[in-house]
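Commentary on secondary and tertiary structure
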Amino acid sequence: MRKFVGFAACLACVSFGPAAAGQGGTSGRPPIDYSILHAQVILDHLGFSPGILDGRPGQSLTAALKGFQTARGMPATGTLDPATLRALAPYASLRPVRRLTLDAGTLAGPYVNPIPKDPEKQARLASLAYTRPLEKLAEMFHTTPEVLVELNPGGGRIVPGAAFRFPNALPASRDYPADIKPEWRRTLNMLNVEAKVPEADHIVVDKSEKVLKVYDGQGRLVAQFSATMGSAHDPLPIGTWKINGADTNPKFHYNPKLFWDAKKGSDPAMLPPGPNGPVGVVWLDLSKEHYGIHGTPEPQLIGRTESHGCIRLTNWDAARLALMVKPGTRAVFQE
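Source: prediction; values computed, not measured. (Residues numbered from 1 in each chain as written. Predicted model: local features only at pLDDT ≥ 70, side-chain atom pairs only at ≥ 80, totals over all residues. Heavy atoms only, no water.)

Secondary structure summary: the chain contains 11 helices and 13 strands in total. Of all 335 residues assigned to the chain, the portion counted as buried reaches 52%. With the model as given, the accessible surface of the chain reaches about 15400 Å², and the carbon-plus-sulfur share is 54%. (Helix = DSSP H or I, 4+ residues; strand = E, 2+ residues; numbered from the N terminus. Buried < 20%, exposed > 50% of the residue type's maximum accessible area, 1.4 Å probe, protein only. Areas by Shrake-Rupley, 256 points an atom, 1.4 Å probe, with all protein chains shown as cover.)

Our focus in this paragraph is the pairing of strand 2 (residues 163–167). The element strand 2 is largely enclosed, with a buried count of four among its five residues. Of the pairings in the sheet, the one linking strand 1 (residues 97–101) to strand 2 comprises five bridges and is antiparallel in character. Residue Arg 99 lies in a different strand from strand 2, and its bridge partner there is Arg 165. (Pairing = 2+ DSSP bridges.)

A general trend in soluble globular proteins is that nonpolar side chains are found buried together. Ranked by size, the top nonpolar core spans 60 residues in total, and within it Ile 203, Leu 212, Val 214, Ile 293, Ile 311, Leu 313 and Leu 321 carry the most contacts. In terms of residues, this core owes the most to one element, helix 11 (residues 315–324), which gives six residues. Of all hydrophobic cores here, the second largest spans 14 residues; its members include Phe 48, Leu 88, Val 204 and Leu 221. (Core = buried A, V, L, I, M, F, W, Y, C linked by side-chain atoms within 4.5 Å.)

Right, let's get into the sheet that holds strand 6 (residues 228–229). Reading across the sheet, the nine strands line up as 5-4-3-13-7-10-11-12-6 and stay open at both edges, with mixed pairing between neighbours. Two strands close off the open sheet at either side, each with one partner strand: strand 5 (221–226) and strand 6. Bridging between strand 3 (residues 202–206) and strand 4 (residues 211–215) involves five bridges; their strand directions are antiparallel. Paired with Ile 203 across the two strands is Val 214, which belongs to strand 4.

Here you go:
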């Protein structure tokens, strides 16, 4: 029990300032629970992604806890029970919130606002970039603009030199492979993607659990990400496939013939790259034609909406997965 108490004490001693301490939620939501945020931050660092770092319970946190517990040989309760808190305690020094000073490089665009919904109009853009600095900052720190507003009550101008509070999504290492493209390295840095990750022997996409699991060569669960997968119109292709390779910061060939809900009369279009593109910052091509694992422009909807058959992750989780896999990695899709 001593470790459990120590973990709780570490949470209690973190200072967020008098305004933040009593900050309520927005849109009728409960206020941020910093104990939950602390656990989310630790799980995110360890590769058991709780989805959005928002300090609130939910299906993504439950799934992340079950993955972490399974990997540690513990009962998969999906709750922050005493045994799980003891297992998380060695990482309690990871502060749940970091106060950082913004600089010009962090706030640099380009920005596109508004982004048109019509693919033909999107194709005329130079990129499907973030719409505003607040959106970029939220994705950098694995959260949403709404959560950043809650963490910084009273607001403030988003300008170089301003100090803001963020969920602590900063990676332990940025030592990315030397052979990756400079553009992809910049994206990994921007998304605060952890560089030191285990190599995947195979992955399992589990429809019933709404997660993508990563296993090493010894069959150990070493990472897990919440995922959106398939729909009634485009079901998840159950079976065993392979990852052919990764297309980073990809363009997207929009072919209306492949989308049952495409606007009648739509023409094919080549959409520019960008985090707000249909497949986000990376496309992991599968041996199943027209299917892939990719990012998304709407991370808050992961596991809560449907897809056109592909597997959708947050941009930061998709980028982390891309560092774990290689061409030929086996991908098992199961019910």
